[in-house]
Every structure is written in C-alpha cells, then in structure tokens.
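Breakdown of the fold
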Amino acid sequence: MVELKLNHIYKKYPKSSHYAVEDFNLDVADKEFIVFVGPSGCGKSTTLRMIAGLEDISEGEFYIGDELMNDVAPKDRDIAMVFQNYALYPHMTVFDNMAFGLKLRKYPKDEIKKRVEEAADILGLTELLDRKPADMSGGQRQRVAMGRAIVRDAKVFLMDEPLSNLDAKLRVSMRAEIAKIHQRIGATTIYVTHDQTEAMTLADRIVIMSSTKNETGDGTIGRIEQI
Ligand code: ADP
Ligand code: ADP
C-alpha cells in the first residue's frame, strides 16, 4: 500500500534562479525505510523539509494516503522529524525535551509520562531522564533527539543526517540501533545521508539524488533515480 506520495514536486526558493528540487516523484510504501543519498546541495534536506511542512512546496502534490498535505500545518501532520543538530533545548531535562512536542499538542500528563518512559526504555535513556543535554555525550544527545520524535508515535519518521555529528565508531553502533528501532516502532521512514554504507545497511530502497546544476548556477538540480 502506498502511504506517502510525492507527485511532480518542484521547489524554488525565493530569490533563487534555479530549482532546489525539480520534478521529484516518489511513492513510499507503508513501513518502508527509504534512504536519500546524494552530494551536498542536491535537495535532500529541502525535500525532507517539504514533507515535514517546514518549507512550502512550489509545485506538485504531496499525499499521505488519500489526503493532500500541501497546506496542512506541520504540527497537524502525522510526521516526526529528527534533525542533524539535535535541536534540543539546553535548559530542559531529557524528560522535558522528549515531552515538549506532546505538551504542545496538549496530551494529558499521564499519557506524556507513559510515552516518554516507553521511548526512554527503547533508547536506553531511562537512567538519564533528569539530565540536561550539556551533561551528556553526543551519542546520548542523539538518542534524546530520536526520543522526541518517537514519543509522537507518528506514522512517518524523517531523519536528516542524524549521525553525521558523531564519531565513526559511534556512528556504526547507532546505525545498528536505528535499524532495531525501525523494526520496533514500524514507522514509514525517510532517512537522509551522504554515507553510502549507512544507506546500504539501513535502506529497503535507496533514492539517489544528483545535482545537475551547471557552472553558471542557472541550471536545475534535484533529479533522481531509484535503485
Ligand atoms: P542537500 O540537503 O542535498 O545538501 P539542500 O536541500 O540543503 O541540499 O539544498 C538544495 C539547494 O537549495 C541548494 O542549491 C541550496 O543552496 C539551496 N537552498 C537550501 N536552503 C535554502 C534556503 N533557505 N534559501 C535559498 N536556497 C536554499
Ligand atoms: P518535535 O515533534 O520534534 O518534538 P516539536 O513538536 O517540539 O518538535 O516542534 C514544534 C513545531 O516546530 C513542529 O511543527 C516542528 O515541525 C517544528 N520544529 C521543531 N524543531 C524544529 C527545528 N529545529 N527547526 C524548524 N522547525 C522545527
């Protein structure tokens, strides 16, 4: 079953002379793990941000199931996103960082507690719920960032280079964990990386995005092929 559909998607940023994404088409099946790979600037982040609703789509349609999502506000999308830079709140504890998105959406307190504790269990953060990000390692912070997304129990999970700030050894172990977490939460996932090993290990399907921008910068980029 197709869960997520991108139909002839184009993105042109204001003031830019070229498309950041040009005629992007993709059908993603329920629970599929898709990886976007490609060089810097080919439109991976832009595509993810359009799916999350953090950037407008210039042309084309984005559907989840039968619902047209183009004009749905980010907070009303059943989509959770993990950012490369973690985007944690430094003054909040791990618990509060993970609870924040649920509080924003007015979940009851006991439901919030239940979901945060479950996510902490999945991510091995149970002992760290009272810590603040400054007192944690990079790997632990990345887990918290994933926890913030997992507690949402969203249908679609987006990850934009989640491991790129970690050292090589930690990247390998977190990679294995992400595969396990995907098995366990079963969300449809789109994962951006420029690391081909990461792509090969994690993906059900890899979407290779390539830049076709010419030297003068007035060409177009964001063409794709799929393997
Ligand atoms: P990737 O994630 O593959 O590195 P991006 O989606 O970040 O690629 O960028 C795609 C293109 O859009 C690049 O040419 C980039 O310079 C441009 N771009 C990205 N964000 C913005 C922005 N906020 N304003 C204008 N241009 C942008
Ligand atoms: P999360 O679901 O990751 O916990 P929140 O629910 O706290 O995020 O985020 C509130 C709103 O802000 C959402 O619409 C989310 O898409 C957006 N948002 C969260 N983090 C960022 C970020 N680093 N940059 C831009 N928007 C963000």
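Here, every reference points to the structure presented above.
Since this is a predicted model, take the numbers as computed values, not measurements.

Moving on to the site of ligand 1. Around ligand 1 sit 12 residues, and of these Gly41, Gly43, Lys44, Ser45 and Thr46 come closest. One of the backbone N or O atoms of Gly41 is found 2.7 Å from an oxygen atom in ligand 1. Between ligand 1 and the protein, one listed contact pairs an oxygen atom with a backbone N or O atom of Gly43 at 3.0 Å. Bound to the protein, ligand 1 loses 62% of the 560 Å² it would expose on its own.

Time to look at the environment of Thr197. Position of Thr197 relative to the elements: it lies in helix α6 (residues 196–202). The spatial distance from the C-alpha of Thr197 to the C-alpha of Thr47 is 22 Å, given a sequence separation of 150 residues.

Time to look at the nonpolar core. In this structure, Met98, Leu125, Phe157, Ile178 and Tyr191 are the most contacted members of the largest nonpolar core, which totals 39 residues. Secondary-structure elements contributing two or more residues to this core are β3 (33–37), β6 (79–82), α2 (94–104), α3 (109–123), α4 (138–150), β7 (156–160), α5 (168–185) and α6. The next biggest cluster of nonpolar side chains, apart from the first, holds 27 residues, and it includes Leu26, Ile34, Phe62 and Val156.

On to the sheet that holds strand β4 (residues 59–64). Strands sit in the order β2-β1-β4-β5 across an open sheet of 4 strands; the sheet is antiparallel. Pairing within the sheet leaves two strands with one partner each, and these edge strands are β2 (21–29) and β5 (67–68). Bridge count for strand β1 (residues 2–11) against β2 is 6 bridges, and the pairing is antiparallel. Residue Leu4 lies in a different strand from β2, and its bridge partner there is Val28. Seen against the sheet, helix α1 (residues 44–52) touches β1, β2 and β4 and runs at an angle of roughly 120° to β1.

Right, let's get into empty space enclosed by the protein. Applying the stated criterion to the full structure yields 1 cavity of 30 Å³ or more. In this structure, the largest cavity occupies an estimated 30 Å³ of space. Lining of the largest cavity is provided by Met146, Phe157, Met159, Ile178, Ile181, His182, Ile185 and Thr189. Secondary structure elements with two or more residues in the lining of the largest cavity: β7 and α5. Among the elements that line the lining of the largest cavity, the one with the most residues is α5, at 4 residues. Across the lining of the largest cavity, the residue classes break down as 6 nonpolar, 2 polar and no charged.

This part takes up the site of ligand 2. Around ligand 2, the neighbouring residues are Leu54, Pro74, Lys75, Met81, Phe83, Ala87, Phe100, Gly101, Leu104, Arg105, Arg148 and Arg152. Side-chain polar atom of Arg148 to an oxygen atom of ligand 2: 3.1 Å apart, as the coordinates give it. Taking 540 Å² as the accessible area of ligand 2 by itself, protein coverage stands at 71%. Counting atoms within 2 Å of the grid points, the majority share of ligand 2 lands in the largest pocket. Of all the elements, α2 adds the most residues to the shell around ligand 2, at 3 residues. Looking at the shell around ligand 2 residue by residue, the class counts come to 7 nonpolar, 1 polar and 4 charged.

Calculation criteria
For every chain, the first residue of its written sequence is number 1, and the numbers climb from 1 along that sequence. As a convention, the first chain written is A and the first ligand written is 1, with the rest following in written order. Reporting in this predicted model follows two pLDDT cut-offs: at least 70 for local features of residues, and 80 or more for side-chain atom pairs to be given and counted; totals over whole chains, interfaces and linings ignore these cut-offs and use all residues. Each side-chain value is derived from all of the structure's non-hydrogen atoms; neither hydrogens nor water enter the calculation. Each residue is tested against the molecule or strand, and it is near if at least one of its non-hydrogen atoms lies within 4 Å. Pairs of N or O atoms within 3.5 Å make up the polar contacts considered here, provided that, within protein, one atom can donate a hydrogen while the other can accept it, and that residues adjacent in sequence are counted only when both atoms are side-chain atoms. What sets the accessible areas is the Shrake-Rupley method with a 1.4 Å probe; for residues, cover comes only from the shown protein chains. Numbering goes from the N terminus for both helices and strands, where a helix is a DSSP run of H or I of at least four residues and a strand is a run of E of at least two. Here, nonpolar core refers to any group of buried Ala, Val, Leu, Ile, Met, Phe, Trp, Tyr and Cys residues whose side-chain atoms link them within 4.5 Å. Only protein chains enter the calculation, and the probe is 1.4 Å; a residue is then buried if its accessible area is under 20% of its type maximum, exposed if over 50%, and partly exposed in between. Strands qualify as paired when DSSP identifies two bridges or more between them. By definition, residues are in contact when any of their heavy atoms lie within 4.5 Å. Orientation is described by lines fitted to C-alpha atoms, with helices fitted over the stretch in contact, and by angles between N-to-C directions that extend from 0 to 180 degrees. Space inside and on the surface of the protein is sampled on a 1 Å grid over the protein atoms alone, with a cavity defined as a set of points where a 1.4 Å probe fits but cannot get out and a pocket as an open set with protein on both sides within 12 Å along at least 5 of 7 lines; lining residues have an atom within 4 Å of a point. Grid points are joined across faces, edges and corners, and a volume is the space filled by probe spheres set on the points. In this count, Pro and Cys sit with the nonpolar residues alongside Ala, Val, Leu, Ile, Met, Phe, Trp and Tyr, while Asp, Glu, Lys and Arg are called charged and the others, Gly among them, polar. Assignment of a molecule to a cavity or pocket requires that more than half of its atoms lie within 2 Å of the corresponding grid points.

Any link to function would need more than the numbers given here.
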